[in-house]
Amino acid sequence: MAVVSRGFHGRGRRDGRLPPGQRDIGDGFPVLTAGPTPHTPLEEWDFVVQGEVDGLHRWTWEEFRALPHEPVTVDIHCVTSWSKFDTHWSGVSIDTVLEGVETAAEYVVAFSDGGYTTNLPLEDLTGGQAWVVDTYEDEPLAPEHGGPARLLVPHLYFWKSAKWVRGLALTSFDEPGFWETFGYHNYGDPWREQRYAGD
Ligand SMILES: Nc1nc2c(c(=O)[nH]1)N[C@H]1C(S)=C(S)[C@@H](COP(=O)(O)O)O[C@H]1N2
Ligand SMILES: [Mo]
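The structure presented is a predicted model; accordingly, all values stated were derived computationally and were not measured.

Which residues make up the overall build of the protein chain, and what values go with them?
Of regular secondary structure, the protein chain possesses three helices and eleven strands. The C-alpha atoms of the protein chain give 17 Å as radius of gyration, which agrees with the globular expectation for 199 residues (16 Å, within 12%). The principal-axis extent of the C-alpha atoms belonging to the protein chain is close to 60 × 40 × 35 Å. Evaluated residue by residue, the protein chain yields a buried proportion of 50% over its 199 residues. Pairs at least 24 apart in sequence give 67% of the contacts found in the protein chain among residues at least 6 apart. Carbon and sulfur atoms make up 53% of the accessible area of the protein chain, which totals about 9,900 Å². In the protein chain, which carries 15 positive and 31 negative side-chain charges, the distance between the mean positions of the two groups comes to 11 Å.

Spelled out as structure tokens, the structure:
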């Protein structure tokens, strides 16, 4: 006879977790892609760390899958104003990816199949804040959501979480990515509502 179940979806848990101007989309998970969904065969897939580093660091799909993975449960916030609570992923921490990489770079451009790019300060990718994820809700990450693997940087607006990510280019200067050159905010902190350049 219970009509409203509070428990898991109850309000209390989510208090303080919705950034300004955002709404909870619940079970929905919109697909937001500028352009077609790329389908790179796994035999051709690799992940690289390049740019101002001590040398090219590269993992094939098999090598990437063999890196230590960890479960991640986070809230995500899209600049188009939907937020989604308690999303479950599994992936490789960027700390793991950057182990053994020598660099003096302070910025990163993440790049993807299809040409999408997004820029971030390197310090926003380290310290357990970002992952390359290949699993969503215990299933292989679906192509429309960025499979086989996407970046996940939940503390910034979701456009920073590049789908179909293939690598990180480390640089000493900050180079705007795809949406950033189209007027979106360079940094994109949802808690400071940094949606557009100048916010
Ligand atoms: N390669 C690529 N990554 C991308 C995008 C894109 O168009 N191409 N869109 C971004 C935007 S604006 C958002 S909100 C999220 C959407 O992810 P979703 O489609 O899994 O919801 O992906 C981000 N990553
Ligand atoms: Mo977005």
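So what's going on with the layout of surface pockets? Which residues, and what values?
Counted as a void, the largest pocket has a volume near 510 Å³. Taken together, 28 residues form the lining of the largest pocket, with Leu-32, Thr-33, Ala-34, Tyr-116 and Trp-179 sitting closest to its centre.

Mind laying out the UniProt feature "domain: Oxidoreductase molybdopterin-binding" (unreviewed entry) in the protein chain, listing which residues take part and the relevant values?
Feature annotation in UniProt assigns "domain: Oxidoreductase molybdopterin-binding" (unreviewed entry) to the following positions: residues 35-179. Counting secondary structure, residues 35-179 comes out at 8% helix and 41% strand; the distance between its end C-alpha atoms is 13 Å.

Explain unusual backbone geometry residue by residue, including any values.
Trans is the prevailing form of peptide bonds, just as negative phi is the prevailing case for residues other than glycine. Residue Pro-148 is bonded to the preceding Gly-147 through a cis peptide linkage, with omega at 20 degrees. Checked against the element boundaries, Pro-148 lands in the loop between strand 9 (139-140) and strand 10 (150-152). We note that Asp-86 has phi near 55 degrees; this positive angle belongs to a residue other than glycine. Within the secondary structure, Asp-86 sits in strand 5 (residues 82-93).

Run through the site of ligand 1, naming residues and quoting values.
Near ligand 1 there are 20 residues, and of these Pro-30, Ala-34, His-145, Arg-150 and Lys-163 occur at the shortest range. Taking Pro-30, its main chain carries an N or O atom lying 2.6 Å from an oxygen atom of ligand 1. A distance of 2.9 Å separates an oxygen atom of ligand 1 from a polar backbone atom of Leu-32. Alone, ligand 1 offers 530 Å² of accessible surface; in the complex the protein occludes 97% of this. Using a 2 Å cut-off from the grid points, one finds that ligand 1 occupies the largest pocket. Here the residues of the shell around ligand 1 sort into 13 nonpolar, four polar and three charged.

Reading guide: rules and limits
Residues numbered from 1 in each chain as written. Chains lettered and ligands numbered in written order. Predicted model: local features only at pLDDT ≥ 70, side-chain atom pairs only at ≥ 80, totals over all residues. Heavy atoms only, no water. Helix = DSSP H or I, 4+ residues; strand = E, 2+ residues; numbered from the N terminus. Rg over C-alpha atoms; globule rule 2.2 N^0.38 Å. Buried < 20%, exposed > 50% of the residue type's maximum accessible area, 1.4 Å probe, protein only. Contact = heavy atoms within 4.5 Å. Areas by Shrake-Rupley, 256 points an atom, 1.4 Å probe, with all protein chains shown as cover. Lys, Arg positive; Asp, Glu negative; His and termini not counted. Charge placed at Lys NZ, Arg CZ, Asp CG, Glu CD. 1 Å grid on protein atoms, 1.4 Å probe; cavity = no way out; pocket = protein on both sides within 12 Å on 5 of 7 lines; lining within 4 Å. Points joined across faces, edges and corners; volume = space filled by probe spheres on them. UniProt positions renumbered as here; feature names shortened; annotations may be inferred. Near = heavy atom within 4 Å. Polar contact = N/O pair within 3.5 Å; in protein donor to acceptor, adjacent residues only side chain to side chain. Sits in = over half its atoms within 2 Å of the grid points. Nonpolar A, V, L, I, M, F, W, Y, C, P; charged D, E, K, R; others polar.

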